[in-house]
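Observations on the three-dimensional arrangement
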Amino acid sequence: MKNLKKRLKQGETLNGCWLNLGSSLTAEIVGQSGFDWVLIDLEHGAGSEKDVLYQLQALEHTGAGAIVRVESSESQRIHRVLDMGAEGIMCPKILNPEGARKVVSGLHYPPHGSRGVAKMVRATGFAQNFQRYYEEAHDTILGVVQIETVEVLNHLDEVAGIDGVDVLFIGPADLSMELGIFGQFDHPRFKEALRETVNAAQKAGKATGILFFNPDDYQRYHDLGIRLLACGADGTFVADGARNLAAKLNAFRNVYK
């Protein structure tokens, strides 16, 4: 564990990015690059649950903590990747407190939740460390719910107040789409939703997160009080690098032809 939950509770700012290629190699490269955390994306990424296992293994000896975004709040989806060794779970499209409680229930063993118990799994060192893992799991597993619907904006205080919801994570693309202002991140309504989310989280002693697309926006979100910050993805890094190099080579060819 990379102590993501503890570090956020202490007010630390954590920098991260997305992993959407399903590749253990790019996971390892990104993990060694200086990020505090990475998000393995099962909702929109190219990988499967089997690929998550290989990515977690690749990240094990890097400095980056691993959060997995599951495609739904079904407990089987959640505890399966936790058993593989994920440090946190992000769940998309939370609508209301009931949905957030369902996520939390899947995150934790009884009495805090309904997570099924299995000892012979990677997270417990294949039964060697089960007791320690069991005792520490409630304090180390990070629960992240995504704020990206209009409905959930009406329940922010309730959602933030749920024990086990550690981060309210704003999904800017989906949220702006639902608000009818897709991609307009400077729109007053989007800014208002950001402030409402941050305020609700701070009142409950929780953290806020966001994915943004231009690194120059870092200060804007940090100044708002957002502390789980993500920018970029392994797919973007590969695509940008390939396009930039190809463009340079093509420019040279045009000069020297």
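Quick caveat, the model's predicted, so the values are computed rather than measured. Note that residues are indexed from 1 along each chain, following the sequence as it is written. Two thresholds apply to this predicted model, a pLDDT of at least 70 for residue-level local features and 80 or more for giving and counting side-chain atom pairs, whereas whole-chain, interface and lining totals are computed over all residues. Excluded from the side-chain calculation are hydrogens and water; included are all heavy atoms of the structure.

Here we look at helix α5 (residues 97–107)
Operational definition: Exposure is judged per residue with a 1.4 Å probe applied to protein chains only, and the accessible area is read against the type maximum: over 50% gives exposed, under 20% gives buried, and values in between give partly exposed. Secondary structure follows DSSP: runs of H or I at least 4 residues long count as helices, runs of E at least 2 residues long count as strands, and numbering of each begins at the N terminus. Contacts: residue pairs with any heavy atoms within 4.5 Å of one another.
Among all positions in α5, only Pro 97, Gly 99, Ala 100, Val 103, Val 104, Gly 106 and Leu 107 are buried. On its buried side, α5 packs onto α4 (75–84), β4 (88–91), β5 (142–147) and α8 (156–160).

Some words on unusual backbone geometry
With an omega of 10°, the peptide bond running from Pro 110 to Pro 111 counts as cis. Turning to its location among the elements, Pro 111 is positioned in the loop between α5 and α6 (130–140). Positive phi, normally seen in glycine, also occurs at Asn 3, with a value near 60°. Along the chain, Asn 3 falls in the segment before α1 (4–9). Positive phi values are uncommon outside glycine, yet Lys 93 reaches one of about 55°. Secondary-structure assignment places Lys 93 in the loop between β4 and α5.

Some remarks on the environment of Arg 101
Looking at where Arg 101 falls in the secondary structure, it is placed in helix α5. For Arg 101, a relative accessible area of 44% puts it in the partly exposed group. Taking C-alpha positions, Arg 101 is 8.2 Å from Val 159, a pair spaced 58 residues apart along the chain.

Details of the side chain of Glu 49
So the rule is basically this: Each polar contact in these results corresponds to two N or O atoms within 3.5 Å; when the atoms are within protein, one needs to be able to donate a hydrogen and the other to accept it, and residues that are neighboring in sequence are counted only if both atoms are side-chain atoms.
Mapping Glu 49 onto the fold places it in helix α3 (residues 49–59). Under the relative-accessibility criterion, Glu 49 is labelled buried at 16%. Within the structure, the side chain of Glu 49 is placed 2.5 Å from the side chain of Arg 80, a separation counted as a polar contact. Beyond its immediate stretch of four places on either side in the chain, Glu 49 contacts Leu 42, Arg 77, Arg 80 and Met 84.

Observations regarding the environment of Arg 69
Along the chain, the position of Arg 69 falls in strand β3 (residues 65–69). Every residue in contact with Arg 69, bar those within four places of it in the chain, is listed here: Trp 18, Leu 39, Ile 40, Asp 41, Leu 42, Glu 43, His 44, Met 90, Pro 92 and Gln 146. A distance of 3.1 Å separates polar atoms of two side chains, one belonging to Arg 69 and the other to Glu 43.

Side note on the packing of aromatic side chains
Just so we agree on the cut-off: Only Phe, Tyr and Trp rings are paired, with Trp represented by its six-membered ring, and only when their centres lie within 6.5 Å; those with planes under 30 degrees apart are stacked, over 60 edge-to-face, the remainder tilted.
Taken as a whole, this structure holds 13 aromatic pairs when the rule is applied. Ring geometry for Trp 18 versus Trp 37: centroids 6.4 Å apart, planes at 65°, classification edge-to-face. Residue Trp 18 is located in strand β1 (residues 14–19), and its partner Trp 37 is located in strand β2 (residues 37–41); the two are separated by 19 residues in the primary sequence. On the basis of relative accessibility, which here comes to 6%, the residue Trp 18 falls in the buried class. Ring centres 6.3 Å apart and planes at 85° place the aromatic pair Trp 37 and Phe 169 in the edge-to-face group. One end of the pair, Trp 37, is in strand β2; the other, Phe 169, is in strand β6 (residues 167–170), and 132 residues separate them in sequence.

Section: the sheet that holds β1
For clarity, the cut-off: In this description, strands pair whenever DSSP reports at least two bridges between them. Comment: axis = line fitted to C-alpha atoms, over the contacting stretch for helices; angle = value between 0 and 180 degrees taken between N-to-C directions.
What the 8 strands build is a closed barrel, ordered β1-β2-β3-β4-β5-β6-β7-β8; its pairing is parallel. The sheet shows a mean angle of 25° between the axes of neighbouring strands, taken without regard to direction. In this sheet, β4 lies alongside β3 in parallel orientation, the contact comprising 3 bridges. For Val 68, the partnering residue across the bridge sits in β4 and is Ile 89. Contacting β1, β2 and β3, α3 crosses the sheet at an angle of about 170° to β2.

A word on the pattern of salt bridges
Our working rule: Should a side-chain nitrogen of Lys or Arg be within 4 Å of a carboxyl oxygen of Asp or Glu, the pair is scored as a salt bridge.
Throughout the structure, instances matching the rule amount to 17 salt bridges. Put simply, Lys 93 and Asp 174 hold a salt bridge, and the shortest N to O gap is 3.5 Å. With Lys 93 in the loop between β4 and α5 and Asp 174 in helix α9 (residues 172–178), this pair connects stretches of sequence that are 81 residues apart. Here Lys 93 falls in the partly exposed class, since its relative accessible area comes to 35%. Among the charged side chains, a salt-bridge network with shared partners connects Glu 49, Glu 71, Arg 77 and Arg 80.

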